[in-house]
Amino acid sequence: YEAKKEALSSRYSGDTLEEQTKKSVNYPGTSEFQSGFSFTMGIYPNPDKLAFQASDQGKWFTENCWKYGFIFRFPTQDFPNSSWVDKSYKTGVTVTLNLYRWVGIPHATVMRQMDFCLEEYVEYLMAHPHLAVYEDGKLKYEIFRQEAGDAASVNIRVPLAAVTYIASLDNMGGVVTAYTYQ
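Residues numbered from 1 in each chain as written. Predicted model: local features only at pLDDT ≥ 70, side-chain atom pairs only at ≥ 80, totals over all residues. Heavy atoms only, no water.

Asker: Requested: an account of the sheet that holds strand β4 (residues 130-135), with residues and values cited.
Answerer: As summarised here, the arrangement of the four strands in space is β4-β5-β7-β6, forming an open sheet in which the pairing is antiparallel. Because the sheet does not close on itself, it has two edges, and the strands there are β4 and β6 (164-169). Across the sheet, the mean angle from the axis of one strand to that of its neighbour is 15 degrees, orientation sign disregarded. Against the sheet, helix α7 (residues 118-127) contacts β4, β5 (138-147) and β7 (174-180), and its axis sits at roughly 80 degrees relative to β5. (Pairing = 2+ DSSP bridges. Helix = DSSP H or I, 4+ residues; strand = E, 2+ residues; numbered from the N terminus. Axes fitted to C-alpha atoms, helices over the stretch in contact; angles between N-to-C directions. Contact = heavy atoms within 4.5 Å.)

Okay, here's the thing in structure tokens:
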């Protein structure tokens, strides 16, 4: 981060320097990789990780990863392919990153259906803290967001009909719980 910032310091200063640096390098402690939920994909032994998107395997994985709880993290102009909507205005990432992130099947399903990147999804949950996803007329997933602030603990109520649930912090002062039903 500091090396990139230094390289840009002849053209930018102050907040603009920070913004320009963050476009290609994460601020220390905020990298997707540090979450433990993100990864890049490639085709062995091809060292060009971006070649993955051009492969049949890459195309299939990118189009179907949501079914397994993964999202393509940073869609940019014409990447991963020309049919995707550029979300760099929301993510702040304008470089081509072949990065995926596990968010869980309920969240990935909603994000896919609504064409949201992660930032848009969290904003949507803040404005609409209860979502219900139906499949064949039956409740499949239910998602709740509740404010937690800086509380040391949060009570999470689990409906008796829920088969599984997963709760996680959204880094915006909330706890998001997704319930799966039969």
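Asker: Which residues make up the packing of aromatic side chains, and what are the values?
Answerer: Under the defined criterion, the tally for this structure stands at 14 aromatic pairs. Ring geometry for F116 versus Y124: centroids 5.3 Å apart, planes at 45 degrees, classification tilted. The partly exposed category is assigned to Y124, whose relative accessible area is 24%. (Phe/Tyr/Trp six-rings, centres within 6.5 Å; stacked < 30°, edge-to-face > 60°. Buried < 20%, exposed > 50% of the residue type's maximum accessible area, 1.4 Å probe, protein only.)

Asker: Now, about the pairing of β5: what can you tell me, with residues and values included?
Answerer: As paired elements, β4 and β5 share six bridges and run antiparallel to each other. Residue pairing in the sheet places E135 in a bridge with K138 of β5. Once β4 ends, the chain turns through two residues before running back antiparallel as β5, passing D136 with a positive phi of about 55 degrees. With seven bridges connecting them, β5 and β7 associate as antiparallel partners. From the neighbouring strand, Q146 faces β7, where its bridge partner is V175.

Asker: Tell me about the environment of W66, and please be specific about residues and values.
Answerer: The topology assignment puts W66 in the loop between α4 (56-64) and β2 (70-72). Taking the C-alpha atoms as reference points, W66 and T30, separated by 36 residues in sequence, lie 23 Å from one another. Excluding residues within four positions of it along the chain, W66 makes contact with I105, A108, T109 and R112. A polar contact of 3.2 Å, which involves the side chain of W66, links it to the backbone oxygen of E63. (Polar contact = N/O pair within 3.5 Å; in protein donor to acceptor, adjacent residues only side chain to side chain.)

Asker: Kindly report on the pattern of salt bridges, identifying the contributing residues and their values.
Answerer: Tallied over the entire structure, the rule returns seven salt bridges. Residue E18 is joined to K5 by a salt bridge in which the shortest nitrogen-to-oxygen separation is 2.6 Å. With E18 in helix α2 (residues 14-22) and K5 in helix α1 (residues 2-8), the pair connects residues that are 13 residues apart, well separated along the chain. K5 gets classed as partly exposed once you look at its relative accessible area, which sits at 21%. What you see here is one network of salt bridges that share partners, running through R145, E147 and D170. (Salt bridge = Lys/Arg side-chain N within 4 Å of Asp/Glu carboxyl O.)

Asker: Quick one: what's the story with the sheet that holds β2, residue by residue and with numbers?
Answerer: Pairing is antiparallel across the open sheet formed by three strands, whose spatial order is β1-β3-β2. The strands lining the two open edges of the sheet, one partner per strand, are β1 (38-40) and β2. When the angles between neighbouring strand axes are averaged without regard to direction, this sheet yields 30 degrees. Sheet analysis places β2 next to strand β3 (residues 99-102), joined by three bridges and oriented antiparallel. Residue pairing across strands places F70 opposite W102, the latter belonging to β3.

Asker: Any chance you could break down a nonpolar patch on the surface for me, citing the residues and the numbers?
Answerer: A contiguous nonpolar patch, built from F37, W102 and I166 and spanning about 250 Å² of accessible area, is present on the exposed surface. Tracing the sequence through the fold places W102 in strand β3. Residue W102 is classed as partly exposed on the basis of its relative accessible area of 31%. (Patch = residues over 30% accessible without salt bridge, like charges linked within 9 Å, V, L, I, M, F, W, Y side chains within 5 Å. Areas by Shrake-Rupley, 256 points an atom, 1.4 Å probe, with all protein chains shown as cover.)

Everything listed here is a matter of coordinates, which is why it stays silent on function.
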